[in-house]
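Breakdown of the fold
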Amino acid sequence: ECADRITNRRVIAQNEYTVEGLLNCHDRVQIKALLNEHLLQSDTNDFVAIHWFDNDAAQQQAQDKLGAIARSQKAFSGPLREVEMQFLFGSRAPAGSGCVIAFNHSEATSPGLLALGSKDSSAFDSHTGTVFISHIARVIGTLTSHLGAR
């Protein structure tokens, strides 16, 4: 129980630190750099990615590669095939596991995906908490709606 409280405090502190940093970003490049800086510090995360879909073709490609993961409004946490990892994190990513959540399901802004990944296929599973990534995705969605396509 004590270890859980320490972990929860650490997650809350990381969340606050990341949100404060995001609020100081002025464009997508800064958002991406901040996420890499903050989220790659975790022992679990080997990869961090954010994708904005500025057109229907880009969004369709994500749905073709990721299937239900890209269509869901809920966070996915679990094993990812090599093709899914490579779509999210680049051509050198091996099969592994990840946590993926869509953001901006509105007509006002471009939809996108936020993803954390690991080379370890068991690092993320159905028991992995998604409150942190869900909150960060909501903040990014709100922030990018104010920034536009910059």
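Every value quoted in this text rests on a predicted model; they were computed, and no experiment measured them. (Residues numbered from 1 in each chain as written. Predicted model: local features only at pLDDT ≥ 70, side-chain atom pairs only at ≥ 80, totals over all residues. Heavy atoms only, no water.)

Some words on the packing of helix H2 (residues 28-39) against helix H6 (residues 131-147)
- Packing of H2 against H6 leaves a shortest axis separation of 12 Å and a crossing angle of 160 degrees. One way to sum up the angle between H2 and H6 is to call them roughly antiparallel. Crossing geometry of H2 relative to H6 is assigned as right-handed. Contacts between H2 and H6 pair Ile31, Leu35 and Leu39 from the former with Phe132, Ile136, Ile140, Leu143, Thr144 and Leu147 from the latter.
- A class-by-class count of the residues in the contact of H2 with H6 yields 8 nonpolar, 1 polar and no charged. (Axes fitted to C-alpha atoms, helices over the stretch in contact; angles between N-to-C directions. Helix = DSSP H or I, 4+ residues; strand = E, 2+ residues; numbered from the N terminus. Parallel < 35°, antiparallel > 145°, perpendicular 65-115°, else oblique. Left-handed = near helix turned anticlockwise from the far one by under 90°. Contact = heavy atoms within 4.5 Å. Nonpolar A, V, L, I, M, F, W, Y, C, P; charged D, E, K, R; others polar.)

Here's the deal with the nonpolar core
- Residues Leu22, Ile31, Leu35, Ile50, Leu114, Ile136 and Ile140 are the most contacted members of the largest nonpolar core, which totals 24 residues.
- Every element with two or more residues in this core is listed here: helix H1 (2-23), H2, strand E1 (47-52), strand E3 (96-103), strand E4 (112-118) and H6.
- Broken down by element, this core gets its largest block of residues, 8 residues, from H6.
- Residues within four places of isoleucine 50 in sequence aside, it is in contact with Ile31, Lys32, Leu35, Phe103, Leu113, Leu114 and Ile140.
- Counting residues in hydrophobic clusters, the runner-up holds 17 residues, among them Leu66, Ile69, Leu88 and Ala102. (Core = buried A, V, L, I, M, F, W, Y, C linked by side-chain atoms within 4.5 Å. Buried < 20%, exposed > 50% of the residue type's maximum accessible area, 1.4 Å probe, protein only.)

Looking at the pattern of salt bridges
- Overall, the coordinates contain 2 salt bridges when judged by the stated rule.
- Linking aspartate 54 and arginine 28 is a salt bridge whose minimum nitrogen-to-oxygen distance equals 3.0 Å. Linking aspartate 54 in the loop between E1 and helix H3 (56-66) with arginine 28 in helix H2, this pair joins segments that are 26 residues apart in sequence.
- With a closest N to O distance of 3.0 Å, arginine 81 and glutamate 84 form a salt bridge. (Salt bridge = Lys/Arg side-chain N within 4 Å of Asp/Glu carboxyl O.)

What to know about the sheet that holds E3
- Read across the sheet, 4 strands follow the order E1-E4-E3-E2 without closing on themselves; strand pairing throughout is antiparallel. This sheet does not close on itself; its edge strands, each paired only once, are E1 and strand E2 (76-80). Looking at each pair of strands side by side, their axes are set apart by 20 degrees on average, direction ignored.
- Of the pairings in the sheet, the one linking E2 to E3 comprises 5 bridges and is antiparallel in character. Note that in E3 the partner of proline 79 across the bridge is serine 97.
- On the sheet, H2 packs against E1 and E4 and is oriented at approximately 160 degrees with respect to E1.
- Those strands touched by H6 are E1, E3 and E4, and its axis lies near 40 degrees from that of E3. (Pairing = 2+ DSSP bridges.)

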